[in-house]
Amino acid sequence: MDYKKLADMLFPNITKTISYYEETLFPDRGLPDGAKVTRLAPSPTGFIHLGNLYGAFVDERLAHQSNGVFILRIEDTDEKRKVEGAVETIINSLEFFDLRFDEGAGINGETGNYGPYFQSNRAEIYQTVAKHLIEMGRAYPCFCSEEELSKIREQQIAENVNTGYYGKWAVDRDLTLEEVKKHLDNNDSFVIRFKSMGNPEDTFEIDDAIRGRISSPVNFQDIVLLKANGIPTYHFAHVVDDHLMRVTHVVRGEEWLSTLPIHYELFTTLGWDLPVYCHTAHLMKMDNGVKRKLSKRKDPELGLEYYMQLGYHPAAVREYLMTILNSNFEEWRIQNPDSSIDDFPFTLDKMSNSGALFDLNKLNDVSKNVLVKIPATEIYDFLLNWAKEYKKEIVNPLTEHKDAVIKLLDVGRNSDKPRKDLIYCEQIFDFISYYFDEYFKIVDNYPENIDDQEAKKLLKAYLETYNHSDDQNQWFEKIRVIAAENGYAAKPKDYKKNPEMYKGHVGDVSTVIRIAIMGRSTSPDIWELQQIMGEEKVRNRIQSLI
RNA sequence: GGCCCAUUGGUCAAGUGGUUAAGACAUCGCCCUUUCACGGCGGUAACAGGGGUUCGAAUCCCCUAUGGGUCACCA
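Residues numbered from 1 in each chain as written. Chains lettered and ligands numbered in written order. Predicted model: local features only at pLDDT ≥ 70, side-chain atom pairs only at ≥ 80, totals over all residues. Heavy atoms only, no water.

**A short note on the layout of surface pockets**
Counted as a void, the second largest pocket has a volume near 560 Å³. Glu319, Arg333, Asn369, Val370 and Lys373 are, among the 23 residues lining the second largest pocket, the residues nearest its centre. Looking at the lining of the second largest pocket, the elements with two or more residues in it are helix 11 (314-325), helix 12 (329-335) and helix 13 (360-371). The element that contributes the greatest number of residues to the lining of the second largest pocket is helix 13, accounting for five residues. For the lining of the second largest pocket, the class distribution of residues is ten nonpolar, four polar and nine charged. (1 Å grid on protein atoms, 1.4 Å probe; cavity = no way out; pocket = protein on both sides within 12 Å on 5 of 7 lines; lining within 4 Å. Points joined across faces, edges and corners; volume = space filled by probe spheres on them. Helix = DSSP H or I, 4+ residues; strand = E, 2+ residues; numbered from the N terminus. Nonpolar A, V, L, I, M, F, W, Y, C, P; charged D, E, K, R; others polar.)

This is how it looks when you write it as structure tokens:
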């Protein structure tokens, strides 16, 4: 068989060679030792989720920690799945979470010398490599129709052998030049298949940077390299692109583990070095007592949009992700409370290889601790930007009362034991919403031992002695007096000792006041809040209840 | 079904032949305290099961179970 002739017959217009690409167009990057080149390679379906972010974070850290390069490559080889505007969505989402690309697809076109970065624009490159494989006798055209393929499949099932296109089942494997020519003249559509030399009995071993040594049977399937439209399958595109883009580390989900043998055979057949594979575990979720993979249909918390809508701070999400990415991160964080997350020495071998359960509780806890370190003015800006996008009706109130809001956000945060009330925007706004008259609502009930009449009496007394310029101590002493005068213990300890002597204690009195002013039975310090709200607002709220 | 991967408290997890089996979140109790939050102290709670190997196994091997992935001209 004259493979060269076959190759020219199939690809008469391909005149470039692999070495042209390897040496002239995409030469070695000349990066310092240890610099890692990684890539995020999403398909433009318009849906980017937490799992993507998780993997992207690994790519980003690997590249930027080693002075390497982080590439965005768009895997748009499947026309059916393309979604308009998806690339913009992907870039915007990743940027929101502070993941920056050095190279590849971008909002304003591509940057970098190893493009194009859209696979749909790389057809000539793939065809050059395919042609080369045909010349080697390791690829061939296959003219089988879908019907023929499913017929083969049926028979394999009937005979109880492995399904697929391989060995003696690969009927077009040894077509003669004349047969190929006849098909071509007939304008029959065809794909290019890889000619596998693998024996299903053989196994190979490979080191995965996350999972360690893994072994599996070698590939023996003649998988499709180029589809009928001349566009490559994922397998072929992965091998060609990652080689030519000089990618050193391939980070991808564990669903790719089972096709690793294909990639292994492709790389070795072409005589190319394998990248370091890093197969990440899936994010899981607890559902009715069983652990299962997060699903984009059933689980809104998988979508990045979910966190953006609730207004989680990107730094909090990153921080949380890092805690599940590297098991020693939390320990490091305790020792380096004020360091940037970028200073943490992220390593692949500290990554778990079993699926982590996504834990909203933990995210919230992490978020509290992240936000407590962010200045109130910055939180204000973040809150405002969030509102502009997701809760427009509060933009005006927020802007009009900017100074007060900043103070409210900062209450109790500037001490050795700062309050950690702030988690995410939706919750933060709720937390301070009582300030705004249009959102103020009485949601909690007075303590059980106090009825409406009693509450009115206490509030009246409070209003009569209220002096807005009292300091915190003077203010609270007055409350103790009111308590005592009305039969409440001025100190909770007194009440505890002799509960039968009192109607309650000073805490009950302050609760009544808190409810009158804030509408709820829990809040930060009343005096501080009153100072922020101003005398008029305080007096009005009390007045309206008596 | 074949093949591959995984399995330590409710969750994330440390652990790589000898540990009282860490720590964090959650939970519960106590303390601090005018509420809440913060903080402090303490408690409950785990090596999926069964066989080996070994003086000794969470750690090595085998089997079983469970969960996950994959078997496309999708990625």
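**Some remarks on the sheet that holds strand 5 (residues 191-194)**
Within the open sheet, the three strands sit side by side as 4-5-8. Their pairing is antiparallel. Single-partner strands in this sheet number two, and they are strand 4 (139-142) and strand 8 (224-226). Put simply, the sheet's adjacent strands are angled 45° from each other on average, direction ignored. Across four bridges, strand 4 lies against strand 5 in antiparallel orientation. Within strand 5, the residue paired with proline 141 across the bridge is isoleucine 192. (Pairing = 2+ DSSP bridges. Axes fitted to C-alpha atoms, helices over the stretch in contact; angles between N-to-C directions.)

**Quick notes on the domain arrangement of chain A**
If you check the domain split of chain A, you get domain 1 (3-15 + 123-279), domain 2 (376-428) and domain 3 (452-545). A straight line from the C-alpha centre of domain 1 to that of domain 2 covers 55 Å. (Domains from an automatic or database assignment.)

**Here we look at empty space enclosed by the protein**
Counted by the stated rule, this structure contains one cavity of 30 Å³ or more. Lining of the largest cavity is provided by Lys368, Leu371, Val372, Arg413, Arg419, Lys420, Asp421 and Leu422.

**Describing the confidence of the model for chain A**
When pLDDT is averaged along chain A, the result is 89; 96% of the residues meet or exceed 70. Taken together, the chains of this predicted complex give a pTM of 0.87 and an interface ipTM of 0.87. (pLDDT = per-residue confidence, 0-100.)

**Structural notes on helix 5 (residues 123-135)**
End to end, helix 5 covers 18 Å across 13 residues, agreeing with the expected 18 Å (1.5 Å per residue, within 8%). What helix 5 keeps buried is the set Ile125, Tyr126, Gln127, Thr128, Val129, Ala130, Lys131, Leu133 and Ile134. Looking one or two residues beyond helix 5, the residue adopting positive phi is glycine 137, at roughly 80°. (Expected span 1.5 Å × (residues − 1). Buried < 20%, exposed > 50% of the residue type's maximum accessible area, 1.4 Å probe, protein only.)

**Brief notes about the packing of helix 1 (residues 3-10) against helix 7 (residues 177-185)**
Relative to each other, helix 1 and helix 7 sit at 5°, their axes nearing to 11 Å. On the basis of the axis angle, helix 1 is roughly parallel to helix 7. Of the residues in helix 7, those in contact with Lys5, Leu6, Met9 and Leu10 of helix 1 are Leu177, Val180, Lys181 and Leu184. Taken together, the residues of the contact of helix 1 with helix 7 sort by class into six nonpolar, no polar and two charged. (Parallel < 35°, antiparallel > 145°, perpendicular 65-115°, else oblique. Contact = heavy atoms within 4.5 Å.)

**Notes on the pairing of strand 10 (residues 276-280)**
Counting buried residues in strand 10 gives four out of five residues, a clear majority hidden from the surface. Two elements, strand 9 (residues 249-253) and strand 10, share five bridges in a ladder whose sense is parallel. Note on strand 10: the bridge partner recorded for valine 250 is tyrosine 277.

**Focus on the pattern of salt bridges**
Applying the stated criterion across every chain yields a total of 33 salt bridges. One salt bridge connects lysine 16 with glutamate 124, and the closest N-O pair in it is separated by 3.1 Å. Within this pair, whereas lysine 16 is found in the loop between helix 1 and helix 2 (18-25), its partner glutamate 124 is found in helix 5, the two being separated by 108 residues in sequence. Notably, a salt bridge pairs lysine 537 with aspartate 437, separated by 3.6 Å at the nearest N-O pair. Placement of the pair is lysine 537 in helix 23 (residues 535-543) and aspartate 437 in the loop between helix 17 (425-432) and helix 18 (452-465), with a sequence separation of 100 residues. By relative accessible area, which is 49% here, aspartate 437 ends up partly exposed. One connected set of salt bridges, linked through shared partners, spans Arg39, Arg73, Glu75, Arg122, Asp241 and Asp242. (Salt bridge = Lys/Arg side-chain N within 4 Å of Asp/Glu carboxyl O.)

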